[in-house]
Structures are given as C-alpha cells and as structure tokens.
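# Residue-level structure breakdown
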Amino acid sequence: MAKKRAFISFDFDHDEDLRNLLVGQARNSDTPFDLADWSLKDALSGNWRDKVRTRIRSCDVVIVICGVYTNNATGVSAEVNIAREESIPYFLLWGRSDKSCTKPLAALETDKIYKWTWDNLKALIGGAR
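Read on for a plain summary of the structure.

Conventions we followed
Residues numbered from 1 in each chain as written. Predicted model: local features only at pLDDT ≥ 70, side-chain atom pairs only at ≥ 80, totals over all residues. Heavy atoms only, no water. Helix = DSSP H or I, 4+ residues; strand = E, 2+ residues; numbered from the N terminus. Buried < 20%, exposed > 50% of the residue type's maximum accessible area, 1.4 Å probe, protein only. Contact = heavy atoms within 4.5 Å. Areas by Shrake-Rupley, 256 points an atom, 1.4 Å probe, with all protein chains shown as cover. Core = buried A, V, L, I, M, F, W, Y, C linked by side-chain atoms within 4.5 Å. Polar contact = N/O pair within 3.5 Å; in protein donor to acceptor, adjacent residues only side chain to side chain.

### As for the overall build of the protein chain
Helix and strand content of the protein chain: 4 helices and 5 strands. Reading the helices (α) and strands (β) of the protein chain from amino to carboxyl end gives β-α-β-α-β-α-β-β-α. Counting the 129 residues in the protein chain, one finds 43% classified as buried. A sequence separation of at least 24 residues applies to 75% of the contacts in the protein chain between residues at least 6 apart. On the protein chain, roughly 6900 Å² of surface is accessible, and the fraction owed to carbon and sulfur atoms is 47%.

### Quick word on the nonpolar core
Counting residues in each nonpolar core, the largest one holds 22 residues, and the members touching the most others are Ile56, Val62, Val64, Tyr90 and Leu92. Of all the elements in the fold, those that place two or more residues in this core are helix H2 (48-57), strand S3 (61-66), helix H3 (74-85) and strand S4 (90-94). Ranked by residues supplied to this core, first place goes to H3 with 5 residues. Every residue in contact with Leu92, bar those within four places of it in the chain, is listed here: Val64, Cys66, Lys103, Pro104, Ala107, Asp111, Lys112, Ile113 and Tyr114.

### Overview of the environment of Ser77
Inspection of the secondary structure puts Ser77 in helix H3. Not counting the four nearest positions on each side in its chain, Ser77 is found in contact with Pro104, Leu105 and Ala106. In terms of polar contacts, Ser77 uses its side chain to reach the backbone amide nitrogen of Leu105, at 3.1 Å.

See below:
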C-alpha cells in the first residue's frame, strides 16, 4: 500500500515544537504517511490561501495539531476550511498532554480531538480516504 501524503496544520507562533515532534515521528520505519511540510510563517495576505489550497489539494489528509492557542490561530482555521472545501479529510490531535488544548475556530462541533499516540496516528491516517 502506498503511503498517504499528509499536510500538517499547526499554530506556528506557539506549537512549532509539536510540528517538529511529528516530523520526527514520521521518520519511524513503519510510518504509513509522508509529510508534506510546507509550514509558512508569512502573514495571511495576498495569494497565501491559493498557495495553501494547492498544497492541501495535493495531499490525502490534513493533520491538525491542537495546542493551547489553536482557537486563535487564523491560519489553522483557514487550512481546515480549505481542507473541507477541497474534500480532503482532516483530523485533530491533542498536542499537549499536560495542558488544555483548543480546536481551531473552523473545526466542526462534532470534530473530536484525538489523543496523540503512535497507534492513534497510524489508525487515523489509515482511515483517511
């Protein structure tokens, strides 16, 4: 089975360390996905959304890492909206086990934040399209 291509969405201002952890985890020999890590620190202006849309469209799934301030991260909400508009599945991961994490504002009320474990991650990737 071909590996799925995953886009990482995270709060660049507060959770870059979590993205780095996921990138490291993706190096495991049994990983079922390749990361398309196009993290941008650019302000949300100009054709930013078009660039992100093209990148998300080229992926099989969007992994949304939720941290303490994700509800304030406009870029993460934009990426979730784009994933939904493009019919790309996404899921939310609880990024900080010792803190309360928040969903992006664009997340649906029914979107669950999953505990970030290797088994959960592999199962969630496997269930995507």
